[in-house]
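A structural walkthrough
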Amino acid sequence: MGFIAWLIIGAIAGWLAGVLVKGGGFGVLVDIIVGIVGAFIGGWLAGVLGIHVGSGWIASIVTATIGAVILLFILRLIKRA
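Calculation rules
Residues numbered from 1 in each chain as written. Predicted model: local features only at pLDDT ≥ 70, side-chain atom pairs only at ≥ 80, totals over all residues. Heavy atoms only, no water. UniProt positions renumbered as here; feature names shortened; annotations may be inferred. Helix = DSSP H or I, 4+ residues; strand = E, 2+ residues; numbered from the N terminus. pLDDT = per-residue confidence, 0-100. Patch = residues over 30% accessible without salt bridge, like charges linked within 9 Å, V, L, I, M, F, W, Y side chains within 5 Å. Areas by Shrake-Rupley, 256 points an atom, 1.4 Å probe, with all protein chains shown as cover. Salt bridge = Lys/Arg side-chain N within 4 Å of Asp/Glu carboxyl O. Axes fitted to C-alpha atoms, helices over the stretch in contact; angles between N-to-C directions. Parallel < 35°, antiparallel > 145°, perpendicular 65-115°, else oblique. Contact = heavy atoms within 4.5 Å. Nonpolar A, V, L, I, M, F, W, Y, C, P; charged D, E, K, R; others polar.

1. Section: the UniProt feature "transmembrane region" (unreviewed entry) in the protein chain
UniProt feature "transmembrane region" (unreviewed entry): in the numbering of this structure it lies at residues 6–21, 28–51 and 57–78. Annotation note: span residues 28–51, helix share 92%, strand share 0%, distance between end C-alpha atoms 29 Å. Across residues 57–78, helical content stands at 100% and strand content at 0%; the span's end C-alpha atoms are separated by 31 Å.

2. Re the confidence of the model for the protein chain
Here the protein chain averages 82 in pLDDT, and 93% of its residues register 70 or above. Mean pLDDT across the elements of the protein chain bottoms out in helix H2 (residues 28–49) (83) and peaks in helix H3 (residues 57–80) (86).

3. Focus: a nonpolar patch on the surface
Side chains of Ile4, Ile8, Ile12, Trp44, Val48, Leu49, Ile51, Val53, Trp57, Ile58, Val62 and Ile66 sit close together on the surface and give an oily, nonpolar patch of about 1200 Å² of accessible area. Among the elements of the structure, helix H1 (3–20), H2 and H3 are those that each provide at least two residues to the nonpolar patch. Sorting elements by how many residues they give to the nonpolar patch places H3 first, with 4 residues. Along the chain, isoleucine 58 falls in helix H3.

4. With respect to the packing of H2 against H3
Where H2 meets H3, the closest approach of the two axes is 6 Å, and the angle between their N-to-C directions is 105 degrees. One way to sum up the angle between H2 and H3 is to call them roughly perpendicular. Of the residues in H3, those in contact with Val34, Gly35, Val37, Gly38, Ala39, Ile41, Gly42, Gly43 and Leu45 of H2 are Thr63, Ala64, Gly67, Ala68, Ile70, Leu71, Leu72 and Leu75. Residue composition of the contact of H2 with H3, by class: 11 nonpolar, 6 polar and no charged.

5. Some thoughts on the environment of alanine 13
In this fold, alanine 13 is placed in helix H1. Taking C-alpha positions, alanine 13 is 21 Å from isoleucine 78, a pair spaced 65 residues apart along the chain.

6. Digging into the environment of phenylalanine 40
Counting through the fold element by element, phenylalanine 40 comes out in helix H2. With 24 residues separating them along the chain, phenylalanine 40 and alanine 64 place their C-alpha atoms 7.2 Å apart.

Quick look at the structure:
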């Protein structure tokens, strides 16, 4: 996928994660970054657990969203401490 696709998937995943994790949104730019980093976390975690979500845009968004939600939970735990 191209760089623009990564930004679009990151933006969607970051926004979805911000919606799913109440109070987890940090603004558009940070949500995109969280979504992109979440894509790496979700992809790594799926590989470690042997889970194959599929291929294509939807699977990428699902994987990135799961990773972004995990990342937002970690960030909220750190922010509270």
